[in-house]
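Structure at a glance
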Amino acid sequence: QVQLVESGGGLVQAGGSLRLSCAASGRTVNSYTMGWFRQAPGKERAFVAAITWGGSTTTYADSVKGRFTISRDSAKNTVYLQMNSLKPEDTAVYYCAAKITILREYRYWGQGTQVTVSS
């Protein structure tokens, strides 16, 4: 129904920046919320940020506030995660996800992209 493809991950030194992209295809509606999650080795998947597709409301995890920015380009059906001042603890596989805004659960998930931050 909805396909999500992440890109932009890689290896970066602490203090550096990366921008992740999430391209959406298939069924998309204005009521969808797009989110970013991450999962570090040996840890549970954690919420990072979210943005409404039809609106401009954004939400961030406390751990990334002031460093990460989520944005969208409706014409390209793409959501971005700008990551600045990266720390080694940001190292994880980052996943793009989508859900109907009024629902709690994210229904669609991408394959993930690896972000590694070295000291």
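The structure we're discussing is the one just above.
For the structure given in this document, a descriptive report is provided here. (Residues numbered from 1 in each chain as written. Predicted model: local features only at pLDDT ≥ 70, side-chain atom pairs only at ≥ 80, totals over all residues. Heavy atoms only, no water.)

1. So, unusual backbone geometry
Phi is positive for Asn77, close to 50°, though the residue is something other than glycine. Located in the positive-phi region is Ser85, a residue other than glycine, with phi close to 50°. Tracing the chain through its elements places Ser85 in the loop between β8 (78-83) and β9 (92-100). Given a relative accessible area of 41%, Ser85 falls into the partly exposed group. (Helix = DSSP H or I, 4+ residues; strand = E, 2+ residues; numbered from the N terminus. Buried < 20%, exposed > 50% of the residue type's maximum accessible area, 1.4 Å probe, protein only.)

2. Concerning the pairing of β8
Burial within β8 is extensive, with five of its six residues counted as buried. Examined bridge by bridge, strand β3 (residues 18-26) and β8 share six bridges and lie antiparallel to one another. What sits directly across from Arg19, in β8, is Gln82. Two strands pair when backbone bridges link them, and strand β7 (residues 68-73) and β8 are joined in this way by six bridges, in the antiparallel orientation. Across the sheet, residue Arg72 finds its bridge partner in β8, namely Val79. (Pairing = 2+ DSSP bridges.)

3. Some words on the packing of aromatic side chains
Applying the stated criterion across every chain yields a total of five aromatic pairs. Aromatic pair Tyr32 and Tyr108: ring centres 6.2 Å apart, planes at 25°, arrangement stacked. Of this pair, Tyr32 sits in strand β4 (residues 32-39) while Tyr108 sits in strand β10 (residues 108-109), and the two are 76 residues apart along the sequence. Residue classification places Tyr108 among the buried residues on the basis of a relative accessible area of 9%. Taking 5.6 Å as the distance between ring centres and 75° as the angle between the ring planes, the aromatic pair formed by Phe37 and Phe47 counts as edge-to-face. One end of the pair, Phe37, is in strand β4; the other, Phe47, is in strand β5 (residues 46-52), and ten residues separate them in sequence. Owing to a relative accessible area of 11%, Phe37 belongs among the buried residues under this scheme. An aromatic cluster is built from Phe37, Phe47, Tyr106 and Trp109, whose rings are joined through pairwise contacts. In this structure, Arg45 packs its charged tip against the face of Trp109, placed 3.8 Å from the ring centre. Lying across the ring of Tyr106, Lys99 places its NZ or CZ 5.7 Å from the centre. (Phe/Tyr/Trp six-rings, centres within 6.5 Å; stacked < 30°, edge-to-face > 60°. Lys NZ or Arg CZ within 6 Å of the ring centre and 35° of its normal.)

4. Points about the nonpolar core
Core analysis: the largest hydrophobic core is formed by 31 residues, its most contacted members being Leu4, Met34, Trp36, Leu81, Met83 and Tyr94. Only β1 (2-7), β3, β4, β5, β7, β8, β9 and β11 (113-118) provide two or more residues apiece to this core. Every residue in contact with Met34, bar those within four places of it in the chain, is listed here: Leu4, Cys22, Ala49, Ala50, Ile51, Trp53, Ile70, Val79, Cys96, Ala97, Ala98 and Tyr106. (Core = buried A, V, L, I, M, F, W, Y, C linked by side-chain atoms within 4.5 Å. Contact = heavy atoms within 4.5 Å.)

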